[in-house]
Amino acid sequence: MTAQTPTENTRARLLAYLQTAGLSTARANANLDELEDAVREAEYRKRLEEPILRNCLFPGCLRQFDINATMCGRPAEPNRSAEGWKQVRPIVATGYVCPDHAPLLEKHQPRWAERADAGAVLTCACGWGSPAARWPGYAVAAWQNHLIDTAEAVAPGPAIPPGGNAEDCPRCEGTNPPYPFLCPGHPAQEA
């Protein structure tokens, strides 16, 4: 006797049930095939409408947008619009950057400098250079720290969109907003 998969087991039980209800085996199989098709179609439709979220590449940024809604032409959930987001393909990472960090990333595109015996060096368009690193991941981490330091010097954009969780917003840190603890937004980010 061969072991049945859970799907085959369920199908066998439903077939037996339909046969006890007076349906012929052929008609019962046809009904089960129609039911399976309907379930597959419903699962496919559900997946089409599920959000597919993309995060900002900027280190520590929690903003997201729904790429599925954007590509399908559906309105996105509040605070998940793709308006102003840019797709970037720097040497070290590929993805999307939120509107607040896009100008910064455009000014700080990384490039690999000549590799030496000491390791690889990642340079930035602004003139910054990483220490020589044997593993490229270390140079990439140094470049990300450079981005964070530069962003702090240039007045950063919001860490989260208005209406997001205030516990995740660095500008709300130390405040105690009323329940449901949503970030009220900040004048600098609304401009």
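Below, the structure is looked at part by part.

What follows deals with the state of the cysteines. Applying the stated criterion to the full structure yields zero disulfides. Counting only cysteine sulfurs, Cys-56 is the nearest neighbor of Cys-61, a cysteine outside any disulfide, at a range of 3.8 Å. Classification of Cys-61 as buried rests on a relative accessible area of 10%. Free cysteine: Cys-126, not disulfide-bonded; nearest cysteine sulfur from Cys-124 at 3.5 Å.

Turning next to the environment of Gly-127. Relative to the helices and strands, Gly-127 is located in the loop between strand E6 (122-124) and helix H5 (136-153). Its relative accessible area of 65% is what places Gly-127 among the exposed residues. Along the backbone, Gly-127 and His-108 are 19 residues apart, and their C-alpha atoms lie at a distance of 9.0 Å.

Right, let's talk about a nonpolar patch on the surface for a bit. There is a patch of nonpolar side chains on the surface, built from Leu-14, Leu-35 and Val-39 and spanning about 230 Å² of accessible area. Note on placement: Leu-35 falls in helix H2 (residues 25-49).

Since one α-helical turn is 3.6 residues long, residues separated by three or four positions face the same way. For helix H1 (residues 6-20), spanning 15 residues, the distance from its first C-alpha to its last is 21 Å, which sits close to the expected 21 Å at 1.5 Å a residue. Of the residues trailing H1, Gly-22 is marked for its positive phi of about 100 degrees.

Another aspect to go through is the packing of aromatic side chains. A complete count under the given rule lists three aromatic pairs for this structure. Seen from their ring centres, Phe-65 and Trp-85 are 4.7 Å apart, and the 45 degrees between their planes marks the pair as tilted. Here the residue Phe-65 occupies a position in strand E2 (residues 64-66), and Trp-85 occupies one in the loop between helix H3 (67-72) and strand E3 (86-88), the gap between them amounting to 20 residues. The same class applies to Phe-65 and to Trp-85, which are both buried. Look at Phe-65 and Tyr-96: their rings are 5.1 Å apart centre to centre, the planes differ by 75 degrees, and that puts the pair in the edge-to-face class. Here Phe-65, found in strand E2, pairs with Tyr-96, found in strand E4 (residues 95-97); they are 31 residues apart in sequence, far enough to count as distant. The class of Tyr-96 is buried, set by a relative accessible area of 18%.

Enumeration according to the criterion identifies six salt bridges in this entry. Residue Glu-36 is joined to Arg-40 by a salt bridge in which the shortest nitrogen-to-oxygen separation is 3.8 Å. Placement of both Glu-36 and Arg-40 in helix H2 is noted, with a separation of four residues, approximately one turn of the helix. The class of Glu-36 is partly exposed, set by a relative accessible area of 26%. Taking relative accessible area as the criterion, Arg-40 reaches 48% and is therefore assigned partly exposed. Arg-80 is the partner of Glu-77 in a salt bridge, and the nearest nitrogen-oxygen pair spans 3.2 Å. The class of Arg-80 is partly exposed, set by a relative accessible area of 22%.

Analysis parameters
As a convention, each chain's residues are numbered from 1 in the sequence order in which they are written. Reporting of local features is limited, given that this is a predicted model, to residues whose pLDDT is at least 70; pairs of side-chain atoms are given and counted only at 80 or more, and all residues count toward the totals for whole chains, interfaces and linings. The basis for the side-chain values is all heavy atoms of the structure; hydrogens and waters are excluded. The definition used for a disulfide is geometric: two cysteine sulfur atoms within 2.5 Å. Here the term buried applies to any residue with accessible area under 20% of the maximum for its type, exposed to any over 50%, and partly exposed to those in between, with areas from a 1.4 Å probe on protein chains only. Segments assigned H or I by DSSP are reported as helices when at least four residues long, segments assigned E as strands when at least two residues long, and all are numbered from the N terminus. Residues enter a patch when their relative accessible area is above 30% and they make no salt bridge; the linking distance is 9 Å between like charges and 5 Å between nonpolar side chains (Val, Leu, Ile, Met, Phe, Trp, Tyr). Surface exposure here means Shrake-Rupley accessible area, sampled with a 1.4 Å probe, where a residue is shielded only by the protein chains that are shown. Salt bridge, as used here, is a side-chain nitrogen of Lys or Arg placed within 4 Å of a carboxyl oxygen of Asp or Glu. Any helix carries an expected span of 1.5 Å times its number of residues minus one. Note on aromatic pairs: the rings of Phe, Tyr and Trp (six-membered ring only in Trp) are paired at centre separations within 6.5 Å, and the planes decide the class, stacked below 30 degrees, edge-to-face beyond 60, tilted for the rest.

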